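Residues per chain are reported as follows:
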Amino acid sequence: MRIAYSVETVRAAERDLMARLPEGALMQRAAAGLAAACAGLLGRVYGARVALLVGSGDNGGDALYAGARLARRGAGVTAVLLAPDRAHAGGLRALRAAGGRAIPASYASDSAETALARADLVLDGIVGIGGRGGLRPEAERLIGAVRGTVVAVDLPSGVDADTGEVRGPAVRADATVTFGTYKPGLLIDPAHERAGAVRLIDIGLAPHLPPVPDVEALQHGDVAALLPRPGAESDKYRRGVVGVVAGSARYPGAAVLAVAGALRGGAGAVRYVGPAADAVIARFPETLVHSGPPHKAGRVQAWVVGPGLGDDAAARQSLDDVLASDVPVLVDADGLRLLSPGDLRSRNAATLLTPHAGEAAALLGVPREQVEQSRLAHVRTLAERYGATVLLKGSTTLICPGPGPGPVRVNPTGTGWLATAGSGDVLSGLTGSLLAAGLSTHDAASVGAYLHGLAARHATAPTGAPIAAHDVAAALPEVWRDVLG
């Protein structure tokens, strides 16, 4: 599990740890890890040209001390100081003692830009995790001169550590070396996309952090532990039955794709309810079909409602019927367009909503761009307002348990190849099947998104060619085996 904490929590943990260490020891730990990571990227340190972009805080101090270590190993190190009068004094002394040099950013700017342009590696030590807003014009100009590898110190300058928001010019790093714990912004777009490869350096902070993080990301082992497995006494009903209410005369394919995902999600059987039964049976004869209404279709342990459902009176009746049940319900696509917060207030069972950014914006009454810019805030708002777990699809898919406390989960397996018609229908069916197999809404959404992303990567891996939604569904058994293996 990758876990991330807010700036406030990290600062408190650092203060607690520093009270138990000699003065400056924590910064030296960070600098040692940073220098080692840079040495690994350089390959050969001796003779390499390294530039440091140094701000006024401890972030700049980390860069200066790391630069001193590289200089002692034979690198030519130049620190460009954006605030010379407020640069970390100890770090500056260490750099100069090791043979490095420091120049003000505002003095002989050609010299600063030349040093940055010629460097094999540039350390971004402009702003630390407490920074807010974009880069100032001088820092933006200097970053524009860089031609070599950029390594961000703790996180790229100009991004928000707590939210992943980017509100102005920001550094685009090739790699980020972060200390003690991940920060939410390193896992959530748009900031995540600017962090490059992220390396976590252990500085002894873990024992001083609370047990429940703000954000977490499942890894293979976490997903493997959650996957449903049949036992010796299992039959198709004990393994769970998922009901799928999807498709219409206009969109029969949505029903087929949702059923395709459901059949590969661990439940023992899939019941389909809707007008696309012929198309579903033609493709998947093992499906149990019923013309409706849903409550007469037979017992299920979870419902999926919405993909390709349409927005007419019949669609509304199907949604109301499913929401009146006493089992977990996943609402997607057209079901979301018919939904209001009042629809969920009388439910005793759990509900999972799976909107993309446009659907989330409509549910909240805000512009889509606002959701995409502030994904973490909006997934939390949705979960609170609707009293449901929310899976917000996108460049980084977020899963917020709701209502109430608990970490937001970030799916690490997403890929741009999933931006194709019908892939969300497959995800809905897959996740609904996991619900029927007994997973909570939080776990089912997290595992579903993880497998869905892996399946897309697997489907496109042989050639790198575009894929269709049915390719994602077809790849699910292989990635299930991969996770368990």
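Note that the structure is a prediction, hence the values are computed from the model and not measured.

A. Geometry of the packing of helix H10 (residues 252–263) against helix H18 (residues 423–436). Look at H10 against H18: their axes get within 6 Å of each other, and the N-to-C directions meet at 40°. One finds that H10 runs oblique with respect to H18. Relative to H18, the crossing made by H10 is right-handed. Listed contacts from H18 to Ala254, Leu257, Ala258, Gly261 and Ala262 of H10 are Asp425, Val426, Gly429, Leu430 and Ser433.

B. Seen up close, the sheet that holds strand S14 (residues 329–331). The sheet built from 11 strands is open, its strands ordered S1-S9-S18-S17-S16-S15-S14-S13-S10-S11-S12 with mixed pairing. Of all the strands in the sheet, just strand S1 (2–4) and strand S12 (288–290) have a single pairing partner and so form its edges. Sheet twist, expressed as the mean angle between neighbouring strand axes with direction ignored, is 20°. Judged from the 2 bridges that link them, strand S15 (residues 351–353) and strand S16 (residues 389–392) form a sheet pairing that is parallel. Looking at S16, one finds that Leu352 is bridged to Thr389. On the sheet, helix H17 (residues 375–386) packs against strand S9 (215–217), S15, S16, strand S17 (398–400) and strand S18 (408–410) and is oriented at approximately 35° with respect to S17.

C. Geometry of the sheet that holds strand S2 (residues 49–54). Read from one edge to the other, the open sheet built from 7 strands follows the order S4-S3-S2-S5-S6-S7-S8, with strand pairing classed as parallel. What marks the edges here is a single partner per strand, and that holds for strand S4 (101–104) and strand S8 (197–201). Sheet twist, expressed as the average angle between the axes of neighbouring strands with direction ignored, equals 20°. Alignment of S2 against strand S5 (residues 121–125), held across 5 bridges, turns out to be parallel. Residue pairing for S5: Leu53 is matched across the bridge by Asp124.

D. Quick peek at the pairing of S16. Residues Thr389 and Leu391 point to one face of S16 and Val390 and Leu392 to the other, with burial holding for every one of them. As paired elements, S16 and S17 share 3 bridges and run antiparallel to each other. Its bridge partner lying in S17, Leu392 is registered against Leu398. Between S16 and the antiparallel strand that follows it, S17, lie 5 residues; Gly394 among them carries a positive phi value of about 160°.

Rules used throughout
- Per chain, residue numbering runs from 1 following the sequence as it is written.
- Confidence filtering applies because this is a predicted model: local features only for residues at pLDDT of at least 70, side-chain atom pairs given and counted only at 80 or more, and all residues used for totals across whole chains, interfaces and linings.
- Hydrogens and water molecules were not included; the side-chain quantities draw on all heavy atoms of the structure.
- Comment: axis = line fitted to C-alpha atoms, over the contacting stretch for helices; angle = value between 0 and 180 degrees taken between N-to-C directions.
- For the purposes of this entry, the term helix denotes a DSSP run of H or I that reaches at least four residues, the term strand denotes a run of E that reaches at least two, and both are numbered from the N terminus.
- Convention used here: angles under 35 degrees read as roughly parallel, angles over 145 as roughly antiparallel, angles from 65 to 115 as roughly perpendicular, and any remaining angle as oblique.
- Helix crossings fall into two classes, left-handed where the near helix is turned counterclockwise from the far one by less than a right angle and right-handed where it is turned clockwise.
- Here a residue-residue contact requires only that any non-hydrogen atoms of the pair lie within 4.5 Å.
- Two strands form a pair only when DSSP identifies at least two bridges running between them.
- Each residue gets one of three labels from its accessible area relative to the maximum for its type: buried under 20%, exposed over 50%, partly exposed in between, using a 1.4 Å probe on protein chains only.

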